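# Secondary and tertiary structure notes
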Amino acid sequence: MVHMTRLTLINLMMALVAMTFFAANSVLCRMALAESDIDPASFTSIRLVSGALVLYVLSYIFHSRKSDSPTCALVQQPMEHWLAAAMLFLYAATFSFAYMYLETGIGALILFAFVQLTMFAYSHHKEGGASGLEYIGALIAVAGLGYMVSPGMNAPDAWGAGLMAISGVAWGIYSVLGKEMKVPQLPANCINFRLSIFFVVPFFLLNIPMNTVSSEGIWLAVLSGAGASAIGYAIWYGVVQKFKATQAGVMQLSVPIIAAIAGYMLLDETLTLRMVISAAVILFGITVTFLGKENKQSSLA
């Protein structure tokens, strides 16, 4: 019993580390764009390339040496991987451009809300309906989003919010595609990151007239790609199977909170009453949705 408790505690700590890495993506991107001389296209390109390199090494260490494990090779990859790579690129690109207009916490909250709403829509379509409690939770979350982006004092920039919404939908689709693939998550992410480079190259070249790069910006982009993205994903997908789907979803509620606190402490960003209220409403709505899903699964068991 002691062993199981200790193991559960270790898994929870690793999950918290992964959530901190996810929140760090928002902090590092906002820091790079606000405090260093780097443009969003260059940040995105360096982030994805460095993430691909680290994931390739991790996949080689943990999977490729086993004869029965999939590798990170790019030969004859199915269309699902190409679609996932396109969604990964779309997420990363719009994410970077959105943080030209949004503060850290607000951006993470909008991103997270649209990721969860996208996955809820997928679950509704895949499972042929949702419970009343799930619908109520989704409506609460949408109401919180509506309040955040409604016109008025301290409302986030509409252009930035729109870009982050697209980023959240893209990341939600990427997550859904990952659930559908039969390949273990680490090699799958490795393949997707490497394929995303085919989208990165023309994107970077087209933005050359507007590209600005500094050493500080490069290092922040590398930290985001190689650390917060690659290592964060590796940790998360290594422990996520230890938890129920509802538990995993609720744990992700901590990401925008961690990002907002980090933005406040590291970037002197403000925590407005509008953001606090909308965050509470959105997170409450998403929690209700997960509880509704758990109740539905329990009734069907």
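Below, the structure is looked at part by part. Remember, predicted model here, so these are calculated numbers, not experimental data.

### So, the side chain of His81
Of note, His81 is situated in helix α3 (residues 79-98). For His81, a relative accessible area of 3% gives the class buried. Looking at His81, its side chain comes within polar contact range of the side chain of Asn192, at 2.8 Å. Discounting chain neighbours no more than four positions away, the residues touching His81 are Met181, Val183, Ala188, Ile191, Asn192 and Leu195.

### Focus: the environment of Met275
Mapping Met275 onto the fold places it in helix α11 (residues 273-300). Here Met275 falls in the buried class, since its relative accessible area comes to 9%. In sequence terms Met275 and Met148 are 127 residues apart; their C-alpha atoms lie 6.6 Å from each other. Other than its neighbours up to four places away in sequence, Met275 contacts Gly105, Ile106, Leu109 and Ala260.

### Quick notes on the nonpolar core
Tyr91, Tyr99, Met164, Phe193 and Trp236 are the most contacted members of the largest nonpolar core, which has 77 residues in total. With eleven residues, the single largest contributor to this core is helix α1 (residues 2-35). In this view, Phe193 contacts Leu48, Gly51, Ala52, Leu55, Leu88, Tyr174, Ser229 and Tyr233; residues no more than four positions away in its chain are not counted.

### Quick look at helix α7 (residues 185-206)
Over its 22 residues, α7 runs 32 Å from end to end, which matches the ideal 32 Å to within 8%, given 1.5 Å per residue. Of all the bends found along α7, the most pronounced is centred on Phe199 and spans about 35 degrees, while Pro202, a proline, follows it within four residues. Those residues of α7 lying buried are Leu186, Pro187, Ala188, Asn189, Cys190, Ile191, Asn192, Phe193, Leu195, Ser196, Val200 and Phe203.

### Topic: the side chain of Glu269
Mapped onto the elements, Glu269 comes out in the loop between α10 (254-266) and α11. Glu269 sits in the buried class, given a relative accessible area of 7%. In terms of polar contacts, Glu269 uses its side chain to reach the backbone amide nitrogen of Thr104, at 2.9 Å. Glu269 has contacts with Arg30, Glu103, Thr104, Gly105, Gly263 and Tyr264, leaving out every residue within four places of it along the chain.

Conventions used here
- Residues numbered from 1 in each chain as written.
- Predicted model: local features only at pLDDT ≥ 70, side-chain atom pairs only at ≥ 80, totals over all residues.
- Heavy atoms only, no water.
- Helix = DSSP H or I, 4+ residues; strand = E, 2+ residues; numbered from the N terminus.
- Buried < 20%, exposed > 50% of the residue type's maximum accessible area, 1.4 Å probe, protein only.
- Polar contact = N/O pair within 3.5 Å; in protein donor to acceptor, adjacent residues only side chain to side chain.
- Contact = heavy atoms within 4.5 Å.
- Core = buried A, V, L, I, M, F, W, Y, C linked by side-chain atoms within 4.5 Å.
- Expected span 1.5 Å × (residues − 1).
- Bend = angle between axes of the 7 residues up to and from the residue.

None of the figures reported here should be taken as evidence of function without further support.
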